[in-house]
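Overview (structure and organization)
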Amino acid sequence: MAGKSKGVGAEPGVKVIAENRRARFDYTVDDTIEAGLSLTGSEVKSLRSGIANLSDAYALQKGTELFLLNAHIGSYKAASVFDHLPTRGRKLLMHRAEIDRWTAKVRERGYSIIPLVLYFRKGRAKVELALCRGKTHEDRRHDIKERETKREMDREVRRR
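What comes next is a walk through the structure. Note that the structure is a prediction, hence the values are computed from the model and not measured.

This paragraph deals with the pattern of salt bridges. The tally for this structure, following the rule as stated, stands at 12 salt bridges. With a shortest N-O distance of 2.8 Å, Arg-88 and Glu-43 are connected by a salt bridge. In this pair, Arg-88 is assigned in the loop between strand S6 (72-73) and strand S7 (90-93) and Glu-43 in helix H2 (residues 41-48), connecting sequence segments 45 residues apart. Residue class for Glu-43 comes out buried when judged on its relative accessible area of 0%.

Shown next, in the form of structure tokens:
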């Protein structure tokens, strides 16, 4: 796959659990950061079995902390009594300076914090967060046009 940038899953010791592919289509990504997650035992077990969805997830500041909201981590069958709520808010583990910098951008400039990838790195659950700005209809059309011209150029190169 020549020309592709190395993502999180390309590194050794990283197991990708869920990816929010729609986010790159709906938003312009300006900055990314890796953050840890504060999880319960049944949530970790569910993630290890790959039961997660980031499609409607986002991060918000509550007090001095940042929380991941609407991230769906399915229930773990063997946990029965000690099970968790699938879409509960989960605390993000980041340095104070990073939280302050990102929340200031969200407040001042109209950014959103959107999770792109949920994965395990060296046995720890991590999430790649992106500082995003919503795309307009024209931006989406421009991206589609660029993608189509790139495909046509690749076809011509292969044909010759």
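Resuming the write-up.
With that out of the way, let us pick up H2. The α-helix advances 3.6 residues per turn, and as a result positions three or four apart in sequence lie on the same side. Every buried residue of H2 is accounted for by Ser-42, Glu-43, Ser-46 and Leu-47. When H2 is viewed along its axis, its buried side chains cluster within an angular range of 140° and face the same direction. Summarising the contacts, the buried residues of H2 are in contact with strand S1 (14-19), strand S3 (52-53), S6, S7, strand S8 (112-121) and strand S9 (124-134). Trailing H2 by a residue or two, Gly-50 shows a phi angle of about 85°, which is positive.

Before going further, it helps to spend a moment on the nonpolar core. Membership of the largest hydrophobic core comes to 25 residues, with the highest contact counts inside it found for Leu-92, Leu-118 and Leu-129. Mapped onto this core, the elements with two or more residues apiece are S1, strand S2 (27-37), strand S5 (65-69), helix H3 (96-109), S8 and S9. For this core, the element with the most residues is S9, which contributes 4 residues. Once you skip the residues sitting within four places of it in the chain, Leu-92 turns out to touch Ala-35, Gly-36, Leu-37, Ala-59, Leu-66, Phe-67, Leu-68, Val-127 and Leu-129. Core analysis: the next-biggest nonpolar cluster, separate from the first, contains 8 residues, Ala-23, Leu-116, Val-117 and Ala-130 among them.

Moving on, we come to the side chain of Ser-46. Examined against the element boundaries, Ser-46 turns out to sit in helix H2. Taking relative accessible area as the criterion, Ser-46 reaches 0% and is therefore assigned buried.

What follows concerns the packing of aromatic side chains. On inspection of all chains with the given rule, the structure shows 0 aromatic pairs. Against the face of Phe-67 rests Lys-62, its NZ or CZ located 5.5 Å from the ring centre. When the ring centre of Tyr-111 is taken as reference, the NZ or CZ atom of Arg-133 above it lies at 4.4 Å.

This part covers the pairing of strand S4 (residues 58-62). Taken together, the 5 bridges between S4 and S5 define a ladder with antiparallel strand orientation. Pairing of Tyr-58 across the sheet is with Leu-69, part of S5. In this antiparallel pair of consecutive strands, S4 and S5, the connection spans 2 residues, and Gly-63 shows a positive phi of 70°.

In this section: unusual backbone geometry. Outside of glycine, negative phi angles account for most residues, and trans bonds account for most peptide bonds. Look at Asn-70: it is not a glycine, yet its phi comes out positive at around 65°. Within the secondary structure layout, Asn-70 lies in the loop between S5 and S6. Accessibility expressed as a relative area gives 38% for Asn-70, which makes it partly exposed. Phi is positive for Lys-122, close to 55°, though the residue is something other than glycine. The residue Lys-122 is located in the loop between S8 and S9 in this model.

On to the pairing of S9, then. Pairing of S2 with S9 involves 9 bridges; the strand directions are antiparallel. Note that in S9 the partner of Thr-32 across the bridge is Ala-130. Linking S8 to S9, which pair antiparallel, is a turn of 2 residues; within it Lys-122 sits at a positive phi near 55°.

Moving on, we get to the side chain of Thr-103. Topologically, Thr-103 is positioned in helix H3. Overall, the relative accessible area of 5% leaves Thr-103 in the buried class. A polar atom in the side chain of Thr-103 sits 2.8 Å from the backbone oxygen of Ile-99. Polar contacts involving the side chain of Thr-103 include one to the main-chain carbonyl oxygen of Asp-100, which spans 3.2 Å.

Definitions and cut-offs
- Residues numbered from 1 in each chain as written.
- Predicted model: local features only at pLDDT ≥ 70, side-chain atom pairs only at ≥ 80, totals over all residues.
- Heavy atoms only, no water.
- Salt bridge = Lys/Arg side-chain N within 4 Å of Asp/Glu carboxyl O.
- Helix = DSSP H or I, 4+ residues; strand = E, 2+ residues; numbered from the N terminus.
- Buried < 20%, exposed > 50% of the residue type's maximum accessible area, 1.4 Å probe, protein only.
- Arc of directions from axis to C-beta.
- Contact = heavy atoms within 4.5 Å.
- Core = buried A, V, L, I, M, F, W, Y, C linked by side-chain atoms within 4.5 Å.
- Phe/Tyr/Trp six-rings, centres within 6.5 Å; stacked < 30°, edge-to-face > 60°.
- Lys NZ or Arg CZ within 6 Å of the ring centre and 35° of its normal.
- Pairing = 2+ DSSP bridges.
- Polar contact = N/O pair within 3.5 Å; in protein donor to acceptor, adjacent residues only side chain to side chain.

The quantities given are spatial measurements derived from coordinates; they are silent on function.
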